[in-house]
Amino acid sequence: MNGTIHTALGAAAGFITANTLQSDPPTTVFLVIVGGIAGLLPDVDVDGKLSNKITLSYKVIRTVAQLIGLLMILYSFFEGGSSEKWVGICIGAGMIVLSSFLTQRRMLTVTGVGVLAGGISMQESWLVLLGIYIIIASFVPHRSYTHSIVGTLYFAAIATRFQESIGVEGVFATCMLAYASHLIADMKVLPFNKKGVKFFLPLSSKEF
């Protein structure tokens, strides 16, 4: 199922939660937005809608890194001393080589580290947990742990702390309904899904 449908299902979860709690209009809009994001979050493990939104393009980062590396080489060659010259040239060359291996997934890893650092700096436990979630998602296969019960329980911890932090009733319910809607919509029992969801990882890799 594509990201647009997952977003719509998540937003619907937020709207339903808001109506159940009889939330005011601003809170309703907020819950709809939160639901839309939570409905996409399991797909952060793939180069799709959400991962592309929360990271800079790896092509842009790669080009910038290569240009900086080239400038460092040129500057070191013409301006550096005898020993500094070769150190600068090697560092510049290393930047060019390393940037050639940069992928969207590695940018996702960098994003997760940034979120983690931000959470530590602001002393927000939900951001720390979210950063760890994103880092892990950048290394695991698509529709694996982010689509499992383990991933759902971990996200529940994030949602709990998020609601506690901002103090808006209905955030936890919205997040969990939206997240669950994503997993249900990806199940193999639905005719438009060729692959299913491995709910019981790491104990079992059976798809549902």
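The structure presented is a predicted model; accordingly, all values stated were derived computationally and were not measured. (Residues numbered from 1 in each chain as written. Predicted model: local features only at pLDDT ≥ 70, side-chain atom pairs only at ≥ 80, totals over all residues. Heavy atoms only, no water.)

Let us now look at the packing of aromatic side chains. The geometry of an aromatic ring pair is captured by two quantities: the separation of the ring centres and the angle between the planes. Counted under the stated rule, the structure contains five aromatic pairs. Centre to centre, the rings of Trp-126 and Phe-162 are 4.5 Å apart; their planes meet at 40°, and the pair counts as tilted. Highlighted residues: Trp-126 in helix α7 (residues 125–137) and Phe-162 in helix α8 (residues 149–166), separated in sequence by 36 residues. Considering the side-chain rings of Phe-155 and Tyr-179, the 4.5 Å spacing of their centres and the 20° angle between planes classify their relative orientation as stacked. Linking Phe-155 in helix α8 with Tyr-179 in helix α9 (residues 171–185), this pair joins segments that are 24 residues apart in sequence. Of the two residues examined, Phe-155 and Tyr-179, each falls in the buried class. Cluster of aromatic residues (ring-pair linked, three or more members): Phe-199, Phe-200 and Phe-208. (Phe/Tyr/Trp six-rings, centres within 6.5 Å; stacked < 30°, edge-to-face > 60°. Helix = DSSP H or I, 4+ residues; strand = E, 2+ residues; numbered from the N terminus. Buried < 20%, exposed > 50% of the residue type's maximum accessible area, 1.4 Å probe, protein only.)

Two numbers describe how α8 lies on α9: the axes approach to 8 Å, and their chain directions differ by 155°. The angle between the axes of α8 and α9 places the two elements in the roughly antiparallel class. Crossing hand, α8 versus α9: right-handed. Of α9, the residues touching α8 (which contributes Gly-151, Thr-152, Phe-155, Ala-156, Ala-159, Thr-160, Phe-162, Gln-163 and Ile-166) are Val-171, Phe-172, Cys-175, Met-176, Tyr-179 and Leu-183. (Axes fitted to C-alpha atoms, helices over the stretch in contact; angles between N-to-C directions. Parallel < 35°, antiparallel > 145°, perpendicular 65-115°, else oblique. Left-handed = near helix turned anticlockwise from the far one by under 90°. Contact = heavy atoms within 4.5 Å.)

Bringing the packing of α7 against α8 into the picture now. Look at α7 against α8: their axes get within 8 Å of each other, and the N-to-C directions meet at 155°. Classified by the angle their axes make, α7 and α8 are roughly antiparallel. Here α7 and α8 pass one another in a crossing that is left-handed. Together, Ser-125, Trp-126, Leu-129, Leu-130, Ile-132 and Tyr-133 of α7 and Gly-151, Tyr-154, Ala-157, Ile-158, Arg-161, Phe-162 and Ser-165 of α8 make up the contact between the two elements. Within the contact of α7 with α8, the residues separate by chemical class into nine nonpolar, three polar and one charged. (Nonpolar A, V, L, I, M, F, W, Y, C, P; charged D, E, K, R; others polar.)

The next thing to look at is the nonpolar core. Counting residues in each nonpolar core, the largest one holds 30 residues, and the members touching the most others are Leu-130, Phe-155, Ile-158 and Cys-175. Elements with a contribution of two residues or more to this core: α1 (3–20), α2 (25–40), α6 (104–122), α7, α8 and α9. (Core = buried A, V, L, I, M, F, W, Y, C linked by side-chain atoms within 4.5 Å.)

What follows is about unusual backbone geometry. For the bond from Leu-201 to Pro-202, the omega torsion is 0°, close enough to zero to count as cis. Topologically, Pro-202 is positioned in the segment after α9. With a phi close to 55°, Gln-22 is a non-glycine residue in the positive phi region. Phi angles above zero are rare outside glycine, and Gln-123 is one such case at about 55°.

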